[in-house]
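If you want the building blocks of each chain, they are given just below.
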Amino acid sequence: MSNGVSNDKQAVDPKKQSSNRMVAGMCVAFVGGMVGMAYAAVPLYAMFCQITGYGGTTQRVEQYSDKILDREITVRFDANVSGGLPWDFKPVARDVQIKIGETKQIHYTATNVFDTPTQGRATFNVTPEIAGAYFNKVECFCFTDTTLKPGETLDMPVVFFVDPEIVNVPEMKGVKTITLSYTFFPIAGEKPVAVAPKVDGEAKNVNSDGKAGG
């Protein structure tokens, strides 16, 4: 009788093992899928913002506007540097007044004030946020890895126009100014740089490990 019980267990064990392998495989597939979704979330979110203008994200287009309205709007330009990136970053002109639908080119400049090459990447947004869906950029330096040599200054053009459809947006009826803002961040791996107090009339740059940089 004991032999019968033993034989039954031996007959059942392979089924349990197969079931366990199936469950383990499903778990691995689930975890892999979640990891894949996590990596895909960033580009998908960026794509969503690009299409909808969510969060003040501007639109990227390949052609100029074919319609210009007899109505003007002021576009202001803001520049910021974060994470200790040692750059002097600014717009050449603080604002421009253009006709809605008119294609316009403006310029930012960035200067590396540190004594070694540094790298940065810019993000951007538009305010009011709802205007992002109607602010079209034909040429832009955003999301591009940029390296500047010590003391180097780079001209950064932006070509854009405001979509004439913006006049049909009820929330934009009373808005006469749009602000385009860029922020440069150090690329991952770069050590943040801070400017120490002036010594003998000269400022010394200090990186994150506390060493003077010039």
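This structure is a prediction, so every number in the text was calculated from the model and none was measured.

Novice: Whenever I open this one, the overall build of the chain confuses me. Can you help?
Specialist: Scanning the chain from terminus to terminus reveals one helix and 12 strands. Beginning at the N terminus, the succession of helices and strands in the chain can be written as α-β-β-β-β-β-β-β-β-β-β-β-β. Relative to its 214 residues, the chain shows a buried fraction of 32%. The long-range share in the chain, meaning contacts at least 24 apart out of those at least 6 apart in sequence, stands at 72%. On the chain, roughly 13100 Å² of surface is accessible, and the fraction owed to carbon and sulfur atoms is 56%.

Novice: Help me understand the environment of T109, please; the structure alone is not making it clear to me.
Specialist: Assignment of secondary structure puts T109 in strand β5 (residues 104-112). Counting along the chain gives 20 residues from T109 to F89, while the straight-line C-alpha distance between them is 5.8 Å. Dropping the residues within four chain positions of it, T109 is found in contact with D88, F89, K90, V92, T153, L154 and D155.

Novice: Looking at this structure, how should I read the state of the cysteines?
Specialist: Two cysteines form a disulfide when their sulfur atoms are joined by a covalent bond. The tally for this structure, following the rule as stated, stands at one disulfide. There is a disulfide in this structure between C140 and C142, and the S-S distance comes to 2.5 Å. Accessibility expressed as a relative area gives 12% for C140, which makes it buried.

Novice: I tried to follow the sheet that holds strand β10 (residues 177-186) on my own but got confused; where do I start?
Specialist: Strands belonging to one sheet form pairs held by backbone hydrogen bonds; the direction of such a pair is parallel or antiparallel. Pairing in this open sheet of five strands is mixed, and the strands run β4-β2-β10-β6-β8 from one edge to the other. Either end of the sheet is taken by a strand with one partner, and the two such strands are β4 (95-99) and β8 (146-148). Averaged over all neighbouring strand pairs, the angle between strand axes comes to 30 degrees, with direction disregarded.

Novice: I would appreciate a short explanation of the confidence of the model for the chain in the present structure.
Specialist: Counting all residues, the mean pLDDT for the chain is 75, and 58% of those residues have values of 70 or more. Taken together, the stretch residues 8-12 has pLDDT below 50 and engages in zero contacts with residues farther than four places along the chain or on a different chain. With pLDDT under 50 throughout, residues 195-214 is counted as low confidence; its partners more than four residues away or in other chains account for 32 contacts.

What counts as what
- Residues numbered from 1 in each chain as written.
- Predicted model: local features only at pLDDT ≥ 70, side-chain atom pairs only at ≥ 80, totals over all residues.
- Heavy atoms only, no water.
- Helix = DSSP H or I, 4+ residues; strand = E, 2+ residues; numbered from the N terminus.
- Buried < 20%, exposed > 50% of the residue type's maximum accessible area, 1.4 Å probe, protein only.
- Contact = heavy atoms within 4.5 Å.
- Areas by Shrake-Rupley, 256 points an atom, 1.4 Å probe, with all protein chains shown as cover.
- Disulfide = S-S within 2.5 Å.
- Pairing = 2+ DSSP bridges.
- Axes fitted to C-alpha atoms, helices over the stretch in contact; angles between N-to-C directions.
- pLDDT = per-residue confidence, 0-100.

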